[in-house]
Amino acid sequence: MLLYDFYNFNLVQRSTIKSNITLFFSLSFHISFRKMSSIKSLLPPKISVSGVTGASGSTAALSDLYSKLPKGPAPKVQPQGFLGRYYARYIATSSPAPILHVSLAIGLIGYTVNYHFHLKYHKKREHH
Amino acid sequence: MSLFGRKFPTPIVRPLAPFIAAASIVWLTVNKIENSAQSLPPYDSDPRNPKALLNKQLKEHH
Amino acid sequence: MTKIIHIYNPLEQFEIVKFIALEGPLFGYIQIGLTNIGFYLLLASLFIILLHLLYNKEGVLGLSNTLMLCMESLFGFVLQLVKNQVGPSGQPYFPAIYSLFLFILLLNLVGLIPYSFCATAHFAFTLGLSSTIVLGVTILGLKLHGFHFFSLFVPAGTPLALVPLLTLIEAVSYVARSVSLGIRLAANMLAGHILLHLFSTFSWKFITGSFLGLLLAPLPLLFITLLYGLEIGVAFIQAFVFVLLTCSYIQDAIKLHSD
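Residues numbered from 1 in each chain as written. Chains lettered and ligands numbered in written order. Predicted model: local features only at pLDDT ≥ 70, side-chain atom pairs only at ≥ 80, totals over all residues.

Caption draft 1: Region of the structure containing the overall build of chain C. Each helix and strand counted, chain C has 7 helices and 2 strands in total. If you list the helices and strands of chain C from N to C, you get β-β-α-α-α-α-α-α-α. Taken over C-alpha atoms, the radius of gyration comes to 23 Å for chain C, far larger than the 18 Å a tight globule of 259 residues would show. Projecting the C-alpha coordinates of chain C onto the three principal axes gives extents of approximately 75 × 55 × 50 Å. Burial statistics for chain C: of 259 residues in total, 29% are counted as buried. In chain C, the share of contacts with a sequence separation of at least 24, taken over all contacts with a separation of at least 6, comes to 66%. (Helix = DSSP H or I, 4+ residues; strand = E, 2+ residues; numbered from the N terminus. Rg over C-alpha atoms; globule rule 2.2 N^0.38 Å. Buried ≥ 20, exposed ≤ 12 C-beta atoms within 10 Å, placed from the backbone. Contact = placed C-beta atoms within 7 Å.)

Given below as structure tokens:
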């Protein structure tokens, strides 16, 4: 999803920036970093389950709630389909290989077309 | 409008209606010029002309 | 001693060939065919769709990889352009302008791949595009302002005696937009491709011609590499200029006399 608030013409950045290349690009385009004044949005919303954190103060129900939450690192989802596997292999890792793949694929298509219409005539005569 | 499993909540056809109309006008005009240029006398029987065969048949018919 | 060097025609790369042709005396005479221009237009469209499908496939927020960064940058770039040139009333035209920018940019870049074909180096394509844009902008202006649209041809503060002359000049310059917009793009791409083809042919002949040429091979190769970088820059700049002018024409039609 695009991070720009389309209808208000505002650029909104909603998460932290991971790579250093981002700094380089964001200088030229007005991608504003999150202002510190909006630090409120970083804090999680107040969890209020009625009767759990209320006046009763029973910690048993609270620990029961948290014991059911999943623990450890999130399970890795196996990518599905060609696009999914390609994404996981090359796009998600920011690999430069897709440029090469596209160049090779289009070059191959172009060579096939050129061979059929021009190059096979060049082998017989000097000019076509 | 939904395409490729994504939603595009923006008007597309209405703001672009003038451009669609312009595209049809340009297409029709170019088609008309092409058709009339392909049946002009010195080039109507040129072998490179894709309409040469039809032009020849039309001449024999009349 | 003269030596004849045979080279292939550098204009041969621009030849339009038909892949599939459907012709016949139907409805007058129809000629429906897929030429290599159409083929590369389809290829670029497919490529744009693929880019946007691959873009953020995981559904994560933030700039997590380079493709996302590039797409966001291009999106933000065109958004800023539309914002600055057309203003808030040009908002509905943003999707079209963004698509136009990506389309021309990808056609320019695809044309730079060896053995490929540059559709934007063809006047038939770019003039069709630019005349469609200028005619569409005219229809838009007439729809929004009616007869008042023709006040675009009379600059503010003109003496009455000069009005007929200035109207004529402004009308000619308005019509010339449709030609200049297309010729600017096609001529730049055409010149770049001819230059690249000529230099690579001569470098090949220079390198394979003699032993001295083989020793000095890095020099022409370096030059071609630099020229290639320049052409990539030209591809970006021409796509930008095309979209910039489209924006300013739309702005002219939406608000007459915006100065």
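There is more to say, and it comes next.
Caption draft 2: Fine view of the environment of C:Q31. For C:Q31, the position within the fold is in strand β2 (residues 30-35). Counting along the chain gives 10 residues from C:Q31 to C:A21, while the straight-line C-alpha distance between them is 7.2 Å.

Caption draft 3: Quick look at the packing of helix α1 (residues 13-37) of chain B against helix α4 (residues 123-145) of chain C. Where α1(B) contacts α4(C), the two axes come as close as 8 Å, and the packing angle between them is 130°. Classified by the angle between their axes, α1(B) and α4(C) sit oblique to one another. For the pair α1(B) and α4(C), the crossing hand works out as right-handed. Packed against α1(B), whose contacting residues are B:P18, B:F19, B:A21, B:A22, B:A23, B:I25 and B:V26, the element α4(C) presents C:G128, C:S131, C:T132, C:L135, C:G136, C:I139, C:L140 and C:K143 at the interface. Here the residues of the contact of α1(B) with α4(C) are counted per class, giving 10 nonpolar, 4 polar and 1 charged. (Axes fitted to C-alpha atoms, helices over the stretch in contact; angles between N-to-C directions. Parallel < 35°, antiparallel > 145°, perpendicular 65-115°, else oblique. Left-handed = near helix turned anticlockwise from the far one by under 90°. Nonpolar A, V, L, I, M, F, W, Y, C, P; charged D, E, K, R; others polar.)

Caption draft 4: Layout of the UniProt feature "transmembrane region" (unreviewed entry) in chain C. Residue and element names in this part refer to chain C. Those places that UniProt annotates as "transmembrane region" (unreviewed entry) correspond, in this numbering, to residues 37-55, 61-82, 94-117, 123-142, 149-169, 181-199 and 232-250. Summarising residues 37-55: 95% helix, 0% strand, and an end-to-end C-alpha distance of 27 Å. For residues 232-250, the end-to-end C-alpha separation is 28 Å, with 100% helix and 0% strand making up the annotated structure. (UniProt positions renumbered as here; feature names shortened; annotations may be inferred.)

Caption draft 5: Layout of the UniProt feature "transmembrane region" (unreviewed entry) in chain A. Taking the UniProt record as the reference, the feature "transmembrane region" (unreviewed entry) is found at residues 99-117 of chain A. What you have in residues 99-117 of chain A is 100% helix and 0% strand, and the ends, taken at the C-alpha atoms, are 27 Å apart.

Caption draft 6: Spotlight on unusual backbone geometry. We note that A:S94 has phi near 55°; this positive angle belongs to a residue other than glycine. In this fold, A:S94 is placed in the loop between α3 (81-91) and α4 (97-122). Using a count of 16 C-beta atoms within 10 Å as the deciding quantity, one classes A:S94 as partly exposed. Despite not being glycine, C:Y115 shows a phi value in the positive range, around 70°. In this structure, C:Y115 sits in the loop between α3 (94-111) and α4.

Caption draft 7: Region of the structure containing the packing of α4(C) against helix α7 (residues 218-254) of chain C. All names here are of chain C. At their nearest, the axes of α4 and α7 sit 8 Å apart, and the two run at 20° to each other. Accordingly, the angle class assigned to the pair α4 and α7 is roughly parallel. α7 is crossed by α4, and the crossing has right-handed handedness. Residue-level inspection shows I133, V134, V137, L140, G141 and L144 of α4 in contact with α7, the latter providing T246, Y249, I250, A253 and I254. Residue composition of the contact of α4 with α7, grouped by class: 9 nonpolar, 2 polar and no charged.

Caption draft 8: Local environment of α3(C). Between the first and last C-alpha of α3(C) there are 26 Å, a value that for 18 residues agrees with the 26 Å anticipated at 1.5 Å per step. Of all 18 residues making up α3(C), 13 are buried, and the element is well covered by its neighbours. (Expected span 1.5 Å × (residues − 1).)

Caption draft 9: Structural detail: the interface of chain C and chain B. Contact with chain C, which involves 19 residues of that partner, is made by 17 residues of chain B. Breaking the side of chain C that touches chain B down by element, the ones donating at least two residues are α1 (36-54), α3 and α4 of chain C. At 8 residues, the largest contribution of residues to the side of chain C that touches chain B is made by α4(C). Of the residues that constitute the side of chain C that touches chain B, the class distribution is 11 nonpolar, 6 polar and 2 charged.

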